[in-house]
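For reference, the chains in residue letters:
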Amino acid sequence: NAGVTQTPKFQVLKTGQSMTLQCAQDMNHEYMSWYRQDPGMGLRLIHYSVGAGITDQGEVPNGYNVSRSTTEDFPLRLLSAAPSQTSVYFCASGALAGQPQHFGDGTRLSIL
Amino acid sequence: DAKTTQPNSMESNEEEPVHLPCNHSTISGTDYIHWYRQLPSQGPEYVIHGLTSNVNNRMASLAIAEDRKSSTLILHRATLRDAAVYYCIYAGGTSYGKLTFGQGTILTVHP
């Protein structure tokens, strides 16, 4: 059972480039979310989805887009990378609101 | 905002019990109390959660105050592997599982 899989694990981008962080889960969870974690800080919610076709903004959504075409996948798109988006990004999934969330191992993103 | 208050850091010796406190005075009646921990360079790991009653699992125990405004995570015998940042979070109800992470408590375990 793979759980939550994030790719890539590391990425370096130049300012202005775009890219997509991938997240896939094999637990048939309805709820998926993206967080970012800056050094020495707790995680902050970027976007979340309560099911295929349904997404909503979290605490820090600016500069990021998401879509949820399937239950399994929840990609995060950076439209035009900025140095302020240098961070570690975590994807999570859960069965229901209020139930435990399962986190991936993270994508470490550096933007020069 | 689903804010919780935790001590910045705590220390313990190996094989001793650890009690990690958390205040969550604005919790609603339908919110679950969650504890996650994060080891260095890893994603958060679920530890335990509960609603009203005390809860036990293979990793830890969760003691919830009668008024639900505070809780305590109990590690019965700390090991070196338990050294991590521990986050107390409440979620559920209308929050759709959105987790609001604070700074957490850095737990240091001494051999």
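Residues numbered from 1 in each chain as written. Chains lettered and ligands numbered in written order. Predicted model: local features only at pLDDT ≥ 70, side-chain atom pairs only at ≥ 80, totals over all residues. Heavy atoms only, no water.

1. Topic: the overall build of chain B
Move 1: The secondary structure content of chain B amounts to 0 helices and 9 strands.
Move 2: The C-alpha atoms of chain B give 13 Å as radius of gyration, which agrees with the globular expectation for 111 residues (13 Å, within 12%).
Move 3: By principal-axis analysis of the C-alpha atoms, chain B measures approximately 40 × 30 × 25 Å.
Move 4: Each of the 111 residues in chain B was classed as buried or not, and the buried ones make up 46%. (Helix = DSSP H or I, 4+ residues; strand = E, 2+ residues; numbered from the N terminus. Rg over C-alpha atoms; globule rule 2.2 N^0.38 Å. Buried < 20%, exposed > 50% of the residue type's maximum accessible area, 1.4 Å probe, protein only.)

2. Remarks on the environment of B:Thr72
Move 1: As for its position among the elements, B:Thr72 is in strand β7 (residues 70-75).
Move 2: Setting aside chain neighbours within four positions, we find B:Thr72 in contact with B:His19, B:Leu20, B:Pro21, B:Ser61, B:Leu62 and B:Ala63. (Contact = heavy atoms within 4.5 Å.)

3. What to know about unusual backbone geometry
Move 1: Residue A:Pro8 follows A:Thr7 across a cis peptide bond; omega there is -5 degrees.
Move 2: You can see A:Pro8 is positioned in the loop between β1 (4-7) and β2 (10-13).
Move 3: One non-glycine residue, B:Glu15, lies in positive phi territory at about 70 degrees.
Move 4: One can find B:Glu15 in the loop between β1 (9-13) and β2 (18-23).
Move 5: Overall, B:Glu15 belongs to the exposed group, its relative accessible area being 52%.
Move 6: Even without being a glycine, B:Ser41 presents a positive backbone phi close to 65 degrees.
Move 7: For B:Ser41, the position within the fold is in the loop between β3 (31-38) and β4 (45-50).

4. Here we look at the pattern of salt bridges
Move 1: Tallying each qualifying case throughout the model produces 5 salt bridges over all chains.
Move 2: When the shortest N-O distance is used, the salt bridge between A:Arg36 and A:Asp38 registers 2.9 Å.
Move 3: A:Arg36 sits in the buried class, given a relative accessible area of 8%.
Move 4: For B:Arg37, the salt bridge is made with B:Glu45, and the minimal N-O distance between the two is 2.9 Å.
Move 5: Ionic contacts of the salt-bridge type, sharing partners, join the residues A:Arg36, A:Asp38 and A:Arg44 into one network. (Salt bridge = Lys/Arg side-chain N within 4 Å of Asp/Glu carboxyl O.)

5. Structural notes on the state of the cysteines
Move 1: Under the definition given, this model contains 2 disulfides over all chains.
Move 2: Across the disulfide, A:Cys23 is cross-linked to A:Cys91 (sulfur-sulfur distance 1.8 Å). Taking the torsion about the sulfur-sulfur bond, which here is approximately -75 degrees, the covalent link between A:Cys23 and A:Cys91 counts as left-handed. In this pair, A:Cys23 is assigned in strand β3 (residues 19-25) and A:Cys91 in strand β9 (residues 87-94), connecting sequence segments 68 residues apart. Each of the two residues, A:Cys23 as well as A:Cys91, counts as buried.
Move 3: Between B:Cys22 and B:Cys88 runs a disulfide, and the two sulfur atoms are separated by 2.0 Å. Taking the sign of the S-S torsion, -80 degrees for the link of B:Cys22 and B:Cys88, the bridge is left-handed. Residue B:Cys22 is located in strand β2, and its partner B:Cys88 is located in strand β8 (residues 84-92); the two are separated by 66 residues in the primary sequence.
Move 4: Judged by its relative accessible area of 2%, B:Cys22 falls in the buried class.
Move 5: Judged by relative accessible area, B:Cys88 falls into the buried class, the value being 1%. (Disulfide = S-S within 2.5 Å.)

6. Here we look at the interface of chain A and chain B
Move 1: Counting from both sides, the interface comprises 20 residues of chain A and, opposite them, 20 residues of chain B.
Move 2: Between chain A and chain B, the buried area comes to about 1,600 Å², and carbon and sulfur atoms account for 57% of it.
Move 3: Connecting chain A to chain B are 0 salt bridges.
Move 4: If you look at where chain A meets chain B, you find 5 residue pairs in polar contact (both at pLDDT 80 or more).
Move 5: Among the elements of the structure, β4 (31-37), β5 (43-51) and β10 (101-103) of chain A are those that each provide at least two residues to the side of chain A that touches chain B.
Move 6: A per-element tally of the side of chain A that touches chain B places β5(A) first, with 4 residues. (Buried area = accessible area lost by both parts, 1.4 Å probe. Polar contact = N/O pair within 3.5 Å; in protein donor to acceptor, adjacent residues only side chain to side chain.)

By themselves, these observations are geometric and do not establish any function.
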